[in-house]
Amino acid sequence: MQDRVEQIQVPTREAVVEKKDLGALWAVGVVLSLILTLAGYAWNPPRYEALVSNSVDPTEAQVENGQNKIVADALNQGKVQYDKNMVKLVRLRPAPEIFFIDLFKLLLFPTAPIVIVGMLIRKSIQQARETG
């Protein structure tokens, strides 16, 4: 009978605190993952930029700059497709800049959320092995 009493394990105060800490860590990790996912999914960095008008007349230059901006915004939002005739209105951003912006966007979604959830799973398994 005494052997039975020794086999029953009562969770210690430290184990209960560790479970609460792990729960809080999971809550923060999941919320952070969702925020990064939404930010990465919603953020659409501009690929085209409007060219500045080289007109001598300030009024005409202002109108042309406004139209170039409208065309660049429409291209960046995907409302229109780029045509070779637009070369005087907009230009594609430099390739290295686009590469690094796309790399950063890829880190926001899906890479960072997957890494965060993976680390949470690893921590949970590690804690389960220590307590069990």
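Participant: For this particular structure, what's the right way to read the overall build of the protein chain?
Facilitator: Each helix and strand in the protein chain was counted, giving four helices and two strands. The order of α-helices and β-strands along the protein chain, N terminus first, is α-α-β-α-β-α. Expressed as a percentage of contacts within the protein chain between residues at least 6 apart in sequence, the contacts between residues at least 24 apart total 70%. As displayed, the protein chain offers around 10600 Å² of accessible surface, 63% of which is attributable to carbon and sulfur atoms.

Participant: Got a minute to help me understand the environment of Arg93 in this structure?
Facilitator: By secondary structure assignment, the location of Arg93 is in the loop between β2 (90–92) and α4 (95–131). Those residues within four positions of Arg93 in sequence are excluded, and the remaining contacts are Pro46, Arg47, Tyr48, Glu49, Ile98 and Ile101. At 3.3 Å, the side chain of Arg93 and the backbone oxygen of Pro46 are in polar contact.

Participant: Just checking my understanding: could you explain the nonpolar core for this structure?
Facilitator: Taken as a class, soluble globular proteins show a tendency for nonpolar side chains to be buried jointly. Listed in full, the five residues of the largest apolar core are Tyr48, Ala72, Leu75, Met86 and Val90. Look past the residues within four positions of Tyr48 in its chain and what remains in contact with it is Ala72, Leu75, Asn76, Tyr82, Val90, Arg91, Leu92 and Arg93.

Participant: When you look at unusual backbone geometry in this model, what are you seeing that I'm missing?
Facilitator: Keep in mind that most residues, glycine aside, have a negative phi and that most peptide bonds are trans. The peptide bond linking Phe109 to Pro110 adopts the cis configuration, its omega dihedral lying at 10°. The residue Pro110 is located in helix α4 in this model.

Participant: Whenever I open this one, the side chain of Gln127 confuses me. Can you help?
Facilitator: Note on placement: Gln127 falls in helix α4. With relative accessibility at 9%, the residue Gln127 sits in the buried group. If we ignore the near neighbours within four places in the chain, the residues touching Gln127 are Glu18, Lys19 and Leu22.

Thresholds applied
Residues numbered from 1 in each chain as written. Predicted model: local features only at pLDDT ≥ 70, side-chain atom pairs only at ≥ 80, totals over all residues. Heavy atoms only, no water. Helix = DSSP H or I, 4+ residues; strand = E, 2+ residues; numbered from the N terminus. Contact = heavy atoms within 4.5 Å. Areas by Shrake-Rupley, 256 points an atom, 1.4 Å probe, with all protein chains shown as cover. Polar contact = N/O pair within 3.5 Å; in protein donor to acceptor, adjacent residues only side chain to side chain. Core = buried A, V, L, I, M, F, W, Y, C linked by side-chain atoms within 4.5 Å. Buried < 20%, exposed > 50% of the residue type's maximum accessible area, 1.4 Å probe, protein only.

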